[in-house]
Amino acid sequence: MEGSGAIAIAASLAVLTGLGAGIGIGYATSKAAEAVSRQPEAAGKIMTLTLTGLALAEATAIYGLLIAILLFTKV
Amino acid sequence: MMNGEELMHKMQFKGYDINVLGFHIPISDSIIVMWIVMAILIVLSIIFTRNLRMVPTGKQNVAEIIVEFVNNLTKGSLGHYWKPFAPYFGTLILFLGLSNIISIFNIIPSGKGIAELTGLSFFEHIPEIAPPTKDFNVSAAFAVMSIFLVLFAGIKFKGIKGWLKSFIEPIPVLLPFKILEYFTRPMSLTLRLFGNILAAFTIMELVYFAVPIVVPSFLSIYFDLFDGGLQAYIFVFLTLLYVGEAVE
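Residues numbered from 1 in each chain as written. Chains lettered and ligands numbered in written order. Predicted model: local features only at pLDDT ≥ 70, side-chain atom pairs only at ≥ 80, totals over all residues. Heavy atoms only, no water.

The next point concerns the overall build of chain B. The secondary structure content of chain B amounts to eight helices and two strands. Starting at the N terminus, the α and β elements of chain B follow one another as α-β-β-α-α-α-α-α-α-α. The proportion of buried residues among the 248 residues of chain B is 39%. In chain B, once contacts between residues fewer than 6 apart in sequence are set aside, the share between residues at least 24 apart is 67%. (Helix = DSSP H or I, 4+ residues; strand = E, 2+ residues; numbered from the N terminus. Buried < 20%, exposed > 50% of the residue type's maximum accessible area, 1.4 Å probe, protein only. Contact = heavy atoms within 4.5 Å.)

Turning to the side chain of D224 of chain B, a few remarks are in order. Mapped onto the fold, D224 of chain B is located in helix α8 (residues 215-247). A distance of 3.2 Å separates a polar atom in the side chain of D224 of chain B from a polar atom in the side chain of S103 of chain B. (Polar contact = N/O pair within 3.5 Å; in protein donor to acceptor, adjacent residues only side chain to side chain.)

Let us now look at a nonpolar patch on the surface. Taken together, the side chains of I104, F105, V211, I213, V214, V215, F218, L219, I221 and L225 of chain B make up a nonpolar region of the molecular surface, amounting to roughly 890 Å² of accessible area. Locating I213 of chain B in the fold gives a position in the loop between α7 (175-210) and α8. (Patch = residues over 30% accessible without salt bridge, like charges linked within 9 Å, V, L, I, M, F, W, Y side chains within 5 Å. Areas by Shrake-Rupley, 256 points an atom, 1.4 Å probe, with all protein chains shown as cover. Salt bridge = Lys/Arg side-chain N within 4 Å of Asp/Glu carboxyl O.)

Further remarks concern the packing of aromatic side chains. Residues and elements named next belong to chain B. A full pass over the atoms with the stated rule returns 11 aromatic pairs over all chains. Ring centres 5.0 Å apart and planes at 70° place the aromatic pair Y81 and F157 in the edge-to-face group. In this pair, Y81 sits in the loop between α3 (59-78) and α4 (86-101) while F157 sits in helix α6 (residues 136-167), placing the two residues 76 residues apart along the sequence. Classification of F157 as partly exposed rests on a relative accessible area of 30%. Ring plane angle 45° and centroid distance 5.7 Å describe the contact between F95 and F142, whose orientation is recorded as tilted. Separated by 47 residues along the polypeptide, F95 in helix α4 and F142 in helix α6 bring together distant segments of the chain. (Phe/Tyr/Trp six-rings, centres within 6.5 Å; stacked < 30°, edge-to-face > 60°.)

Residue and element names in this part refer to chain B. Per-residue pLDDT for chain B averages 83, and the proportion of residues at 70 or more is 86%. No element of chain B has a lower mean pLDDT than helix α1 (residues 4-11), at 60, and none a higher one than α4, at 92. Here the predicted complex scores 0.83 on pTM and 0.73 on ipTM. (pLDDT = per-residue confidence, 0-100.)

Below is the structure:
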């Protein structure tokens, strides 16, 4: 199909949103580990906050994946 | 190499149409897998809760661990409102957990493979056991159930007046965002579950295609067991968070 190569490249570019999610999740987890080692008794609350943050950070990667899939159907 | 068309075919609607009393009812693969999940859960719950005793032995210990885990989870987020919600969240975490990891029970060769080997067309109808949550519709149904739970919990525990008032608290400027939340929350819940499971499923399909032996067994531990379990937990956890916010 004409232009399918460009669509494939666009789909692969959309997946680059994973970069931001990866950095965000790594940063949040390292800070959570730091916080727990500083105050082990607050582990439960920190866990709650971290999971919420991770889920929100991860959403961007998922939106990228979704757009990639939508583009993929056009190839 | 597996091309895009083949992959799309794996992701699309597959299933059977049945005609009952002139009604045309499509039954998709995800529904069949969900029936399997339900059957497994029902049978297990009957087995695990038979002959309950005061002093637990054997299988009753496992059942008590699961129930206690769910109770503690709901208690942690909902405080003293936990009681009416615990059964729903227990069901949700068990169902989603088993649904997400069910692809480790996949039959290899699949139904189609058996049909080709034996020449019996009956086996062709056995669906491939893939997580039903990779179907957008299934994930969306769970997310809509969650948001309705949030809605009803808010109305029940605050009263109509208090619930309406919660929209303009702490400042009325937030009203459009609070209304919008009822639409963005199910959407993000759906996409998170669906996207993660579909991504894991697609990667596992590619691995099965590229290296059919040894390697998939290790990757499957991460993509099927860990990721599936984690996503089920996160879904339940976020729903708990939303409900906790609604009843407070």
